[in-house]
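For reference, the chains in residue letters:
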Amino acid sequence: EAFELHTQEGFLIEMTEAMAARHNLSVDRKKFDKLLDKHRTDSGRGNFSDAVMSEGPLDAIRKTAGETLFLGYEVTGASAKIVGIIAEKQLVESIEEVGHVDPIAVVLDQSPFYGEAGGQVGDVGTIATKTARFDVIDTHRDGGLVLHIGHLRQGRLSVGDAVEAEVQ
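So, a few notes on the structure that sits alongside this text. (Residues numbered from 1 in each chain as written. Predicted model: local features only at pLDDT ≥ 70, side-chain atom pairs only at ≥ 80, totals over all residues. Heavy atoms only, no water.)

**A look at the pattern of salt bridges**
A side chain of one charge can pair with a side chain of the opposite charge when the charged atoms of the two come close. Threshold: A carboxyl oxygen of Asp or Glu within 4 Å of a side-chain nitrogen of Lys or Arg is what we treat as a salt bridge. Numbering of helices and strands starts at the N terminus; helices are DSSP runs of H or I of at least 4 residues and strands are runs of E of at least 2. Summary of the burial criterion: residues with accessible area below 20% of their type's maximum are buried, those above 50% are exposed, and those between are partly exposed, where the area comes from a 1.4 Å probe applied to protein chains only.
What the rule picks out here adds up to seven salt bridges. Across the pair Arg 62 and Asp 59 runs a salt bridge, and its minimum N-O distance is 3.1 Å. Here Asp 59 and Arg 62 lie together in helix α5 (residues 55–65), a separation of three residues that amounts to about one turn. Residue Arg 62 is classed as partly exposed on the basis of its relative accessible area, which comes to 26%. You can call Asp 59 partly exposed: its relative accessible area is 34%. Through salt bridges with shared partners, a single network forms among Glu 17, Arg 29 and Asp 33.

So, in structure tokens, the structure goes:
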């Protein structure tokens, strides 16, 4: 039940554990973690939060660029500017390694991509320039930032680049 509350309703496991404890119940956390890992693998998402979402880089982006303006209620594609790139838990100025194994997060000043929240799945699509293509395989929200998580497939992306973001 805790797993279903988390994946279908977006209910935090910590809240479920706290509520269970109030009624002298417990949550089988090992089984929950195992089901969650299987769910991530089956959905092709892996554990992005460990791979790309580290507080230091996100705080730095917030301080320099502010929040991502969400455009997804009006459009599925938009011109935007890259305001941050996180690779291996670090803020980087550019990415050019095509075929990297670990996912990378690209943060834009504005985005049509819906970031995963409340149990809803994040959007997928592409971020591109005339010479580069980044495949967005998932989108997460961290406060006011939208993190486009995926893999560089062609070219090079740098902070400050003007890009076209397209939800598929």
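Next comes the rest of the description.
**Some details on the pairing of strand β8 (residues 133–142)**
Inclusion rule: Strand pairing follows a simple DSSP-based rule, namely that at least 2 bridges must link the two strands.
For β8, the tally of buried residues reaches seven of ten residues, placing the bulk of the element in the interior. One ladder, built from four bridges, connects strand β7 (residues 125–128) with β8; its direction is antiparallel. Paired with Gly 125 across the bridge in β8 is Val 136. The antiparallel pairing of β7 with β8 creates a hairpin that spans four residues between the two strands. Here β8 runs beside strand β9 (residues 145–154); their pairing, made up of nine bridges, is antiparallel. By the bridge assignment for β9, Asp 142 is matched with Leu 145. Joining the antiparallel neighbours β8 and β9 is a turn of two residues, in which Gly 143 adopts a positive phi near 60°.

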